[in-house]
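Residues per chain, in single letters:
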Amino acid sequence: MSSVEADDLADLANHNDDWRDRVLSDPDLILDDRDLMRALIAANDRQMGGNIVDMRGIAMERLENRLDRLEDTHRAVIAAAYENLAGTNQIHRAILALLDQAEFTGFLKTLATDVAATLRVDRVRLVLESADATSTSAPHVQKLEDVLTVVAPGFVADYVTGGRAVPHRQVTLRQVGDGSEAIFGADAAWIKSEALMQLDLGEGRLPALLVMGSDDPHQFRPSQGTDLLTFFAGVFERQMKRWLG
C-alpha cells in the first residue's frame, strides 16, 4: 500500500471518529434530520428481513405523519392569523378615513374613494329607502350619484333575502344575484360578488344598506367570517345617525 493510500485511510478513519464523537455528543444532529432518520430506519429494516414486523418503525412512521399534519395545521393557523391582522388594519384605516371627514358630503364620497381603495373593493354604494319617488332628482342626491342609491321602501329586505323567509343577518356575503343593476347601475355587468351590510338609522327612519362590490367572484363568500365587516357597519351606522341628527 502506498503512503498516499495510507494517508487517505487515516484521514477517513479520523473523519469517521470525528463524526461519531459529534453524534454521540449531540444526537439531535441525526434526530432532527428527517432524511437521515429515514435512511437509518430503512437500513435497519433491511437487516431485520421481511418476515419481522417492526412495531417501533410503524409507530415512528405514524408519528411522522402526525407531525406532518400538525405542521400543515400550524402553517394554516399562522396564515389565517396574518390575514386576520391585515384585515383588521384595513378596517381600522377605512374607519379613520370616515372619521376624518368634517362634512356629510365628504363623509359619503369617501366611501367611493378612500374606503374602497383601502378595503380593495371595486364599488361601495349606500342604499337608502325613501317614500318620495322624486327624491333621486334632488340636487344633493345627484352630486352623490356615484355612491348613493335611493330606492323605494321594502327594497333592502327584498334584495338581501331575495323574497325568501331567511333569518336576519346584519352582514351577508355572496355572489351577485339578480337585481344588482338597481344598486350598481351599468357596473352590475362586471360586479361578481358583494358584501351587504344592513343599517338601522334610528327610530322613524327607513332601513338602509351599505354594499361593497367586487369583480372577483370569490372575494365575498358565504363561508367567510363577518366580524370585521359587522364592526365596520356598526361604526358607519353610528356615524350616519350623528349626521342625520
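Look up a bit, the structure's there.
A few points on the structure. (Residues numbered from 1 in each chain as written. Predicted model: local features only at pLDDT ≥ 70, side-chain atom pairs only at ≥ 80, totals over all residues. Heavy atoms only, no water.)

**Let's talk about the overall build of the chain**
- Within the chain one finds nine helices and five strands.
- In the chain, the order of α-helices and β-strands from amino to carboxyl end is α-α-α-α-α-β-α-β-α-β-α-β-β-α.
- By residue count, 32% of the 245 residues in the chain fall in the buried class.
- Across the chain, the fraction of contacts at a sequence separation of at least 24, relative to all contacts at a separation of at least 6, is 60%.
- In the form shown here, the chain has an accessible surface area of approximately 15,800 Å², with 53% of it arising from carbon and sulfur atoms. (Helix = DSSP H or I, 4+ residues; strand = E, 2+ residues; numbered from the N terminus. Buried < 20%, exposed > 50% of the residue type's maximum accessible area, 1.4 Å probe, protein only. Contact = heavy atoms within 4.5 Å. Areas by Shrake-Rupley, 256 points an atom, 1.4 Å probe, with all protein chains shown as cover.)

**Observations concerning the pattern of salt bridges**
- The final tally for this structure, using the stated rule, is two salt bridges.
- When the shortest N-O distance is used, the salt bridge between Arg123 and Asp187 registers 2.7 Å. Residue Arg123 is located in strand β1 (residues 123–129), and its partner Asp187 is located in the loop between α8 (181–184) and β4 (193–199); the two are separated by 64 residues in the primary sequence.
- Judged by its relative accessible area of 22%, Asp187 falls in the partly exposed class.
- Notably, a salt bridge pairs Arg174 with Glu194, separated by 2.9 Å at the nearest N-O pair. Of this pair, Arg174 sits in strand β3 (residues 171–175) while Glu194 sits in strand β4; the two residues are 20 residues apart in sequence, bridging distant segments of the chain.
- Under the relative-accessibility criterion, Glu194 is labelled buried at 0%. (Salt bridge = Lys/Arg side-chain N within 4 Å of Asp/Glu carboxyl O.)

**Section: helix α5 (residues 104–119)**
- Over its 16 residues, α5 runs 21 Å from end to end, which matches the ideal 22 Å to within 8%, given 1.5 Å per residue.
- At Thr110, α5 is bent by approximately 50°, the largest bend along its length.
- If you check which residues of α5 are buried, you get Gly106, Phe107, Leu108, Thr110, Leu111, Val115, Ala116, Thr118 and Leu119.
- Following α5 by one or two positions, Arg120 has its phi on the positive side, about 55°. (Expected span 1.5 Å × (residues − 1). Bend = angle between axes of the 7 residues up to and from the residue.)

**Notes on unusual backbone geometry**
- Although it is not a glycine, Arg120 adopts a positive phi angle of roughly 55°.
- As for its position among the elements, Arg120 is in the loop between α5 and β1.
- Classification of Arg120 as exposed rests on a relative accessible area of 65%.

**Focus on the packing of α5 against helix α9 (residues 227–244)**
- Where α5 contacts α9, the two axes come as close as 10 Å, and the packing angle between them is 155°. The orientation of α5 relative to α9 falls into the category roughly antiparallel. Contact residues: α5 offers Phe104, Phe107, Leu108, Leu111 and Val115, while α9 offers Phe232, Phe236, Gln239, Met240 and Trp243.
- For the contact of α5 with α9, the per-class residue count stands at nine nonpolar, one polar and no charged. (Axes fitted to C-alpha atoms, helices over the stretch in contact; angles between N-to-C directions. Parallel < 35°, antiparallel > 145°, perpendicular 65-115°, else oblique. Nonpolar A, V, L, I, M, F, W, Y, C, P; charged D, E, K, R; others polar.)

**As for the layout of surface pockets**
- One number sums up the size of the largest pocket: a volume of about 660 Å³.
- The wall of the largest pocket is formed by 21 residues, among which Glu83, Gly87, Gln90, Gln224 and Leu228 lie closest to the centre.
- Elements that contribute at least two residues to the lining of the largest pocket include exactly α4 (55–99) and α9.
- At seven residues, α4 tops the list of elements feeding residues into the lining of the largest pocket. (1 Å grid on protein atoms, 1.4 Å probe; cavity = no way out; pocket = protein on both sides within 12 Å on 5 of 7 lines; lining within 4 Å. Points joined across faces, edges and corners; volume = space filled by probe spheres on them.)

**A closer look at the packing of aromatic side chains**
- Inspection of the entire model under this criterion finds five aromatic pairs.
- Here Phe104 and Phe107 contribute two aromatic rings whose centre-to-centre distance is 6.3 Å and whose plane-to-plane angle is 20°, an arrangement assigned as stacked. Here the residue Phe104 and the residue Phe107 both occupy positions in helix α5, the gap between them amounting to three residues, near one helical turn.
- By relative accessible area, which is 28% here, Phe104 ends up partly exposed.
- With a centroid separation of 6.0 Å and 40° between ring planes, the pair formed by Phe107 and Trp243 is classed as tilted. Of this pair, Phe107 sits in helix α5 while Trp243 sits in helix α9, and the two are 136 residues apart along the sequence.
- An aromatic cluster is present here, built from Phe104, Phe107, Phe236 and Trp243 joined pairwise through their rings.
- The cationic tip of Arg174 hangs over the ring face of Tyr159; the distance from NZ or CZ to the ring centre is 4.9 Å. (Phe/Tyr/Trp six-rings, centres within 6.5 Å; stacked < 30°, edge-to-face > 60°. Lys NZ or Arg CZ within 6 Å of the ring centre and 35° of its normal.)

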